[in-house]
Amino acid sequence: MREFTIPLPIARAVLDPIFRVTLNARLPVAVQRALLDVASVLQPMPDGSVVQHLQLGGRPAERVIAETAIPGSLTRAVPPERAAGAILYLHGGGYVVGSLATHRSLVARLARDSSCAVYSLDYRLAPEHPLPAGLDDAEAAFLDLVENVGYRPDQICLAGDSAGGGLALALAQRLRERHQLTPAALGLIAPWVDPTQVPSRSRDLVINRAWSQACAAYYLGDGAATDAGYAPLTGNLIGLPPTYVQADVSELLHDQCCQLVSALRGAGVHVRFTETRGLWHVAQLQAALVTEAALALSELAEFLREAIQPVSIDDLR
């Protein structure tokens, strides 16, 4: 599909009513999911994206790669079946909504910009499947990539947005504690790392307090709010891999992201923190339409690519 861009003010004006309608705590969860899936068709994938449907850790998943052009030729070649590195991507949506479809455009651009295979996981959602179902699925998917697909842990990055970012952080903690495994890096887009915190404002462009609190309750179920799997910000951060965190200064989760960055640095973790101005919560979902969002996603891709394939001294000469 031929790409086109939308000026930032117009994008904000269009998105505001869409999110007011779809992320509404008074709407049944099934309706929210259906509306978001329908809206996802407005976010095209870049040309050359290849999507393979598969099972990962017993759950539906997609492996997305970008074709590479052969120099001096009009034809394209698909990279080898197992790329040099992989990204396990966990979508956001308050642990309640979101799907492979809603994040396919973001994932495809991440695959293109990182030159990695990106595995997007359809983990189980609340309220049907509260904590720890999603975390169990993410753990099983990572172990599948190591034990059956053949990646080393240091060839796999974990990435996610919003609730998916929180899930990625909780997964890294669980992998370290249960399996003594450390991924290559963490890439977190406005991660929701402590659902026990109540936003101080009623809403930003995308999310609102009532909806987020409803999602937090759905996800917790009968679990304990003190569980680090639920609120990984409160867990042990020592020994985690290099971490990228992005948030816009206008969003409800900005303060929480600042807390996370401070805590990670206090634990000795290398962190790159990017704060944007004028975007919105997980604007990277609209990277196909908004230039500023595409730039933010490219920065994440660069960080993850470098974590898997570090620049050597010879490369700098």
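One can find the structure itself at the top, above this paragraph.
Worth saying up front: this structure is predicted, and the values here are computed from it rather than measured.

1. As for the side chain of Arg176
1) Next: Considering the arrangement of structural elements, one finds Arg176 in helix H5 (residues 163-179).
2) Next: A relative accessible area of 16% places Arg176 in the buried class.
3) Next: If we ignore the near neighbours within four places in the chain, the residues touching Arg176 are Leu181, Asn236, Leu237, Ile238 and Leu240.

2. A closer look at helix H3 (residues 104-114)
1) Next: Within H3, nine of the eleven residues are buried, leaving the element largely enclosed by the surrounding structure.
2) Next: Elements in contact with the buried residues of H3: strand S1 (49-56), strand S2 (59-66), strand S5 (86-90), strand S6 (117-121) and helix H8 (291-308).
3) Next: Of the residues trailing H3, Ser115 is marked for its positive phi of about 60°.

3. Quick look at the layout of surface pockets
1) Next: Of the volumes computed, that of the largest pocket is approximately 550 Å³.
2) Next: Around the largest pocket, the lining comprises 33 residues; the ones closest to its centre are Leu15, Phe19, Gln43, Leu285 and Gln286.
3) Next: Elements supplying a minimum of two residues to the lining of the largest pocket: helix H1 (8-22) and helix H2 (29-39).
4) Next: Top element by residues in the lining of the largest pocket is H1. It accounts for five residues.

4. Concerning the pairing of strand S10 (residues 271-276)
The two faces of the sheet receive side chains in turn, since in a regular strand these alternate between them.
1) Next: As paired strands, strand S9 (residues 243-248) and S10 are joined by six bridges and run parallel to one another. Each residue of the ladder has a partner; that of Asp248, found in S10, is Thr276.
2) Next: Handedness of the crossover joining S9 and S10 through helix H7 (residues 254-266): right-handed.

5. Structural notes on unusual backbone geometry
1) Next: Backbone torsion omega between Ala126 and Pro127 reads 5°, so that peptide bond is classified as cis.
2) Next: With respect to the helices and strands, Pro127 occurs in the loop between S6 and helix H4 (133-149).
3) Next: Although it is not a glycine, Ser115 sits at a positive phi angle of roughly 60°.
4) Next: On the secondary structure map, Ser115 appears in the loop between H3 and S6.
5) Next: For Ser162, which is not glycine, the phi dihedral falls at a positive 55°.
6) Next: Mapping Ser162 onto the fold places it in the loop between strand S7 (156-161) and H5.

Reading the values: rules and limits
- Residues numbered from 1 in each chain as written.
- Predicted model: local features only at pLDDT ≥ 70, side-chain atom pairs only at ≥ 80, totals over all residues.
- Heavy atoms only, no water.
- Helix = DSSP H or I, 4+ residues; strand = E, 2+ residues; numbered from the N terminus.
- Buried < 20%, exposed > 50% of the residue type's maximum accessible area, 1.4 Å probe, protein only.
- Contact = heavy atoms within 4.5 Å.
- 1 Å grid on protein atoms, 1.4 Å probe; cavity = no way out; pocket = protein on both sides within 12 Å on 5 of 7 lines; lining within 4 Å.
- Points joined across faces, edges and corners; volume = space filled by probe spheres on them.
- Pairing = 2+ DSSP bridges.
- Right-handed = clockwise from strand over helix to strand, strands pointing away.

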